[in-house]
Every structure is written in C-alpha cells, then in structure tokens.
Amino acid sequence: MNKYLITKPVLHASAEPIQCPAGGWRQIAAVLPSNLADLIARVTPRYLNGLEEIRLRRDRPLMLGLGGSDYFLRQDGTPVSEPDGAYLVDAADLEKVLHNISGSSLYALEEELKNGYVTLPGGHRVGLTGKAVLENGRVKTLKYLSGLNIRVCREIKGAANGLIKHLIEHQAQNVYHTVIFSPPRCGKTTLLRDLVRQVSNGLPGMQFAGRTVGVVDERSEIAGCHRGVPQMDVGVRTDVLDGCPKAQGMMMLLRAMSPDVIVTDEIGSMEDIHALEEVFNAGVRVIVTIHASSLRELANRPALKYLLQLNVVERFVLLGRSRGVGTVEKIFSSADLPGLGVKMCLS
Amino acid sequence: MFKLIGGLLVVVASGLAGWQVSRSYAGRPVELRQFISALQLLETEITYAATPLYEALSGVAEQVGVPAASFFRQVAFELGAHRGYSAREAWHGALEVYSRRSALGPGDLSILRGLGNNLGMSDREDQSKHLRLAAEQLKTAMAMAEEAATKNVKLWNYMGLLGGLVIVLALY
C-alpha cells in the first residue's frame, strides 16, 4: 500500500497561517456570560490560540479543548487536567449563553434545536443536548438544555494546496469527480472548504480559471453560514444552499444555478447517491466527502457500493492523522478500486 | 385688579388639573389600542417569520403610534446593545421607565409584565399563545377603559373649570 502517493500533512504545512484564533475567540466571547468570558480570557494566549472547543455541562466542570487535549479550568483561569477545584458551570450560565446565541428569541432557533446545533457568526458551531421532545416519533425540539459544546471554527486557507493539483483535469479545465473519505476529525470539511475556495477563485499559477461552484451545506459546516451568509471564504464563484437536505439541494442547484461543480459533505444515503447520479448525468462535476476509514469499508455500505459500481468517480482521497490532522494519506484513481487490480494513480 | 388676576389664575389652574385627569382617561384606550396592535404585529413576526426579538420589536416600533412605539424601541435598543440582558430584563426595564409617563393603569401594566416573563423563552406556538392571551386581556381592559373615558373625560374637563369658578366665587 505504501506505494500510493502520500502528500505532506497539508493542514500543518499550509501556505497561510491559521486564520482566526484571536478573532474567533472574540466572536465566541460575545455569546458567553461575562464571568465565563473573563475566566477563559485569563488563559495564557499560548494555550488560548489552540482553543478548539468549550464544553459547558450543567453542574459539571468547565472544560476546554486546547491543542488536542482536554483541560478543566480553575477559578483563576489555570487549565488543569484534573477536574478537582475546577469552575462548575451552573444553570444560569447555560441560560445566558442560550439567550445570547438566540438574541433572547429561542423560537427563532426551532430548526436548530431540532438538529441539535446552532451556527454562530464566524462559522463557530454550538452543539446542544438536553431532553428531546418528540412528535410522531421524531424530535420536535429540545428542552432542559444541559450541555453545550462550542466548537471554534478554524478556517485554514491553503489546506488544499498540496492536493488540488491532483484533482484538476487540465484538458477539460475542470475538476475530477472526487470523493474525500476519512474517519471523523481528520479535517475533511476543512480541506473541502479550501478546495471549494480554490476551485471557485481559480488558480492562475496552474492555468486553471475559476469554476462556478454550488455547495449544499446541510449542516452549515462548509461555509459556516449565519443567516444564509457564508462566514468563511468559499470563493467568488460559489453559491451556498445552507441547511438544505443534500439530495434536494443538489437538484435545486442543478436546476437553478447552473454550477460547474457541486460540492457537498458527508453523503451516505441512497437518496443522496441517486441525486448524485442526476448530477453526473448533467455533466456537472462533483466533490463529496464520506465517513469511512478505507475503500473496503466504503464499498461495504450498500449505497456507496452502488456509487462505486457507477464507476464515475475519478479520484478517491483518503485523509488521516499520521502526520497531523488533514494528512492526505492516499489518492486513488477510479482504476484502483479494491478487487480491480491496482494501478498507481499519480506518479 | 389683583383679585381679578388671582381669580383667573385659580380658574386656569383648576381647569388644567381637570384637563390633566381627563387626558389620562382619554389616553388609556389609545395606548391600549396601540399595544394590542403591537402585540398582534409581534405575533405575526414571531409565528410566520421566526424573526428574532430585536428585529421584530424594532419593526413593531416603526409601525405603532406614539407613545407605545417608544416602549418597543427601548426594548429593542436594550436587546440590540448586547449588554447581556435577557428579553425579560429588557422588557421589564423599559416598562418601568414607560409606566412613569403612561396613562396605563396598574392592571394593564401587570398584563404586559406577565407577557415579558415569557417573551422569547419558548417555541413559536407557545409564544403565539402568550401573545394572544395578553392581547385578549388588554382588549378586555380597553373595553372598560373606553367606557370610563366616555363617562369621565367631559366630566373632569367641566369639573376642573367649574371647580375653579366655585373657588373664585367663594373667595369673593
């Protein structure tokens, strides 16, 4: 297997530095009650710049994800690895955060409560847990919210620098049909976002003019839309359909926005694959991501097996963490599918 | 001469006092009507468009008449200032200020205060119920206020003037 191409860990060797640590923290501090914001602001900047998430669980210690590890926060702002003596989050803290997130209008977050997350200005996401209220067996809303996870959005421009040249079909001046797959938390979405930006803006250095990109962003992760407006740089020729179910969204973009490339995140259901089929047939290129740790695992899922059988996807990109989050471990061409004899994709 | 001026002053003062009382009777139904239509507008904004309170209240303030508009503008301002106030705190604070210059009675204010406790705290369906309930209660209050106004406005206007004349005559 080691003969497959392995590029550098792109997220860490990115051309431009990580975009928004300080700005990101300011945006998040705006939704925290002042006591919590002051407490977290006391963390030394060296740690704070590596802030990944803030977890607030009612009556339990305040927890920060800093540089890949979990820390509890003491009253004086010292991050410690043991929960003893850590600041305990109370109901009033949670209530204030919810007030700030919703602008005191919980009813405006109905859809978000149903989905279990809210996107903040700046693309940061707040995951919510509590008691689910059901209607006809489906979640109608959440009440007694007791856990919040504020995930800091990190936009990394240049994350796809090492990869993009392998995905461009110069003759057709377009991108290959591409599937990016990896286990969770390997940087799929970050990579996808930068791919979208680069394909949309074009790459003068590679004689690649920008193409119109349509993004179906069901979970508001790619463009981080806040009230429909992308909070992250997704390029000048990109149209984002925010919060829309993938299959429907792809059809809508196809009919309405005449995109050259359609991009979506985490496909998996048969409905998604059928929609993709329509997109393939319309001559529009596709870049999608999938949760899977190997091609074999991917091929074991019926819907994705069907996708492989269509034999349309030209590039499969496997991400991993072997050299840091976002390492491009392997790039397969369609001819490398398991059981079909192995061929080097790129040399 | 001084007597005449003094007498005139007494009549004017008493007339103005009567007019002031009559104005509060006449102003209450007007304000109540404004609040009822404001709550109906707010309900539409919340149920159909799920507009966040800050925007919804600013919109309402533009559409209702003076003086109720000043109350909604104040609540919207407090919410928009991001000073960490909840909707309830902003509503109650603005109501406190508004009540000092308003013709609304304690009963009317308590209906509005009750609404403030629930504003923004639940889903659209529930918000709509609270807003409708408050509007219905205000309508009942308005019917009574109108009745009181027809009875008392003229009464107090005349009583002020005539009372002044009686005092002047008694003093002469």
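Scroll up for the structure.
Residues numbered from 1 in each chain as written. Chains lettered and ligands numbered in written order. Predicted model: local features only at pLDDT ≥ 70, side-chain atom pairs only at ≥ 80, totals over all residues. Heavy atoms only, no water.

**Student:** I keep staring at a positive patch on the surface and nothing clicks. Help me out?
**Tutor:** Residues and elements named next belong to chain A. A cluster of basic residues, Arg151, Arg185, Arg219 and Arg321, forms a positive patch on the protein surface. Looking at the element boundaries, arginine 151 is found in strand β7 (residues 138-151). Classification of arginine 151 by relative accessible area gives partly exposed; the value is 42%. (Patch = residues over 30% accessible without salt bridge, like charges linked within 9 Å, V, L, I, M, F, W, Y side chains within 5 Å. Areas by Shrake-Rupley, 256 points an atom, 1.4 Å probe, with all protein chains shown as cover. Salt bridge = Lys/Arg side-chain N within 4 Å of Asp/Glu carboxyl O. Lys, Arg positive; Asp, Glu negative; His and termini not counted. Charge placed at Lys NZ, Arg CZ, Asp CG, Glu CD. Helix = DSSP H or I, 4+ residues; strand = E, 2+ residues; numbered from the N terminus. Buried < 20%, exposed > 50% of the residue type's maximum accessible area, 1.4 Å probe, protein only.)

**Student:** Quick question: what am I supposed to make of unusual backbone geometry here?
**Tutor:** Residue B:Pro67 is bonded to the preceding B:Val66 through a cis peptide linkage, with omega at 10 degrees. Inspection of the secondary structure puts B:Pro67 in the loop between α2 (53-63) and α3 (68-80).

**Student:** Sorry, what's going on with the packing of helix α8 (residues 246-256) of chain A against helix α9 (residues 270-281) of chain A here?
**Tutor:** Helices that pack against each other are described as a pair by the angle of their axes relative to one another and the distance between those axes. Residues and elements named next belong to chain A. As a packed pair, α8 and α9 sit with axes 8 Å apart at the nearest point and diverge in direction by 15 degrees. If you check the angle between α8 and α9, you find them roughly parallel. Both α8 and α9 take part in a crossing whose hand is left-handed. Between α8 and α9, the contacting residues are Lys246, Ala247, Met250, Met251 and Leu254 on the first element and Glu271, Asp272, Ala275, Leu276, Glu278 and Val279 on the second. Looking at side-chain class alone, the contact of α8 with α9 contains seven nonpolar, no polar and four charged residues. (Axes fitted to C-alpha atoms, helices over the stretch in contact; angles between N-to-C directions. Parallel < 35°, antiparallel > 145°, perpendicular 65-115°, else oblique. Left-handed = near helix turned anticlockwise from the far one by under 90°. Contact = heavy atoms within 4.5 Å. Nonpolar A, V, L, I, M, F, W, Y, C, P; charged D, E, K, R; others polar.)

**Student:** Would you mind going over the packing of α2(B) against α3(B) with me for this structure?
**Tutor:** Residue and element names in this part refer to chain B. Remark: α2 packs on α3, axes separated minimally by 8 Å, with the N-to-C direction vectors making an angle of 155 degrees. On the basis of the axis angle, α2 is roughly antiparallel to α3. Both α2 and α3 take part in a crossing whose hand is left-handed. Facing Leu53, Tyr54, Leu57, Ser58, Val60 and Ala61 of α2, the residues of α3 in contact are Ala69, Phe72, Arg73, Val75, Ala76, Leu79 and Gly80.

**Student:** Hey, could you run me through the interface of chain B and chain A in this one?
**Tutor:** Where the parts come together, the accessible area they lose is often given as the size of the interface. Listed by partner, the interface residues are 20 residues for chain B and 12 residues for chain A. A combined buried area of about 1,200 Å² lies between chain B and chain A, and 51% of that area is made up of carbon and sulfur atoms. On the surface where chain B and chain A come into contact, there are four salt bridges. Residue B:Glu55 pairs with A:Arg227 through a salt bridge whose shortest N-O separation is 2.7 Å. For the interface between chain B and chain A, the tally reads eight residue pairs in polar contact (both at pLDDT 80 or more). Counting residues per element, the ones that place at least two in the side of chain B that touches chain A are α2, α4 (87-100) and α6 (124-171) of chain B. (Buried area = accessible area lost by both parts, 1.4 Å probe. Polar contact = N/O pair within 3.5 Å; in protein donor to acceptor, adjacent residues only side chain to side chain.)

**Student:** Got a minute to help me understand the pattern of salt bridges in this structure?
**Tutor:** As a working rule, side chains carrying opposite charge can pair if their charged atoms are close by. All names here are of chain A. Tallied over the full model, the rule gives 17 salt bridges over all chains. Of the charged contacts, one joins glutamate 169 and arginine 285 as a salt bridge, the two residues approaching to 2.7 Å between their closest N and O atoms. On the criterion of sequence distance, the pair formed by glutamate 169 in strand β8 (residues 168-169) and arginine 285 in strand β16 (residues 285-291) is long-range, its members being 116 residues apart. Per residue, the accessibility class of glutamate 169 equals that of arginine 285, and both read buried.

**Student:** In this structure, what is going on with the pairing of β16(A)? I would like to understand it.
**Tutor:** Remember that side chains alternate between the two faces of the sheet whenever the strand is regular. Residue and element names in this part refer to chain A. Counted residue by residue, β16 has six buried out of seven residues, so it is predominantly covered. Taken together, the four bridges between strand β15 (residues 261-264) and β16 define a ladder with parallel strand orientation. Pairing of threonine 264 across the sheet is with valine 288, part of β16. You can see the chain leave β15, run along α9 and come back into β16, and the turn it takes is right-handed. (Pairing = 2+ DSSP bridges. Right-handed = clockwise from strand over helix to strand, strands pointing away.)

**Student:** When you look at the sheet that holds strand β13 (residues 213-217) of chain A in this model, what are you seeing that I'm missing?
**Tutor:** Two orientations exist for strands paired in a sheet by backbone hydrogen bonds: parallel and antiparallel. Residue and element names in this part refer to chain A. If you trace the seven strands from one edge of the open sheet to the other, you get β14-β13-β15-β16-β10-β17-β18, paired in mixed fashion. Every interior strand has two partners, whereas the edge strands, β14 (238-242) and β18 (327-333), have only one. Each adjacent strand pair in this sheet contributes to an overall mean axis angle of 20 degrees, direction not counted. Here five bridges tie strand β10 (residues 178-182) to β16, and the two strands are oriented parallel to one another. Each bridged residue has a counterpart across the sheet, and for serine 182 the counterpart in β16 is histidine 291. Packing against the sheet, α8 makes contact with β13, β14 and β15, and its axis sits at approximately 155 degrees to β13.

**Student:** Looking at this structure, how should I read α2(B)?
**Tutor:** Each turn of an α-helix holds 3.6 residues, which means side chains three or four residues apart point in the same direction. Residues and elements named next belong to chain B. Restricting attention to buried positions, one finds in α2 the residues Leu53, Ala56, Leu57, Val60 and Ala61. All buried residues of α2 lie within an arc of 135 degrees about the axis, which places them on one face of the element. Structural note: α2 exposes Glu62 and Gln63 on the side pointing more than 90 degrees away from its buried face. Of the surrounding elements, those touching the buried residues of α2 are α1 (2-49), α3 and α4. (Arc of directions from axis to C-beta.)

**Student:** Can you walk me through the environment of A:Ser333 in this structure?
**Tutor:** You can see A:Ser333 is positioned in strand β18. For the pair A:Ser333 and A:Glu314, spaced 19 residues apart in sequence, the C-alpha to C-alpha distance is 5.4 Å.

**Student:** Sorry, what's going on with the packing of aromatic side chains here?
**Tutor:** Each aromatic ring pair is characterised by the separation of its centres together with the angle its planes make. Evaluation of the coordinates by the stated rule reveals nine aromatic pairs over all chains. The interplanar angle of 45 degrees and the centroid separation of 5.5 Å between the aromatic rings of B:Phe35 and B:Phe72 together place this pair among those described as tilted. Of this pair, B:Phe35 sits in helix α1 while B:Phe72 sits in helix α3, and the two are 37 residues apart along the sequence. Accessibility expressed as a relative area gives 0% for B:Phe35, which makes it buried. The class for B:Phe72 is buried, based on a relative accessible area of 0%. Of the aromatic side chains, those joined through ring pairs into one cluster are B:Phe35, B:Phe71, B:Phe72, B:Trp91 and B:Tyr98. Lying across the ring of A:Tyr117, A:Arg125 places its NZ or CZ 4.0 Å from the centre. In this arrangement the basic side chain of A:Arg315 is found over the ring face of A:Tyr176, its NZ or CZ atom lying 4.1 Å from the centre. (Phe/Tyr/Trp six-rings, centres within 6.5 Å; stacked < 30°, edge-to-face > 60°. Lys NZ or Arg CZ within 6 Å of the ring centre and 35° of its normal.)

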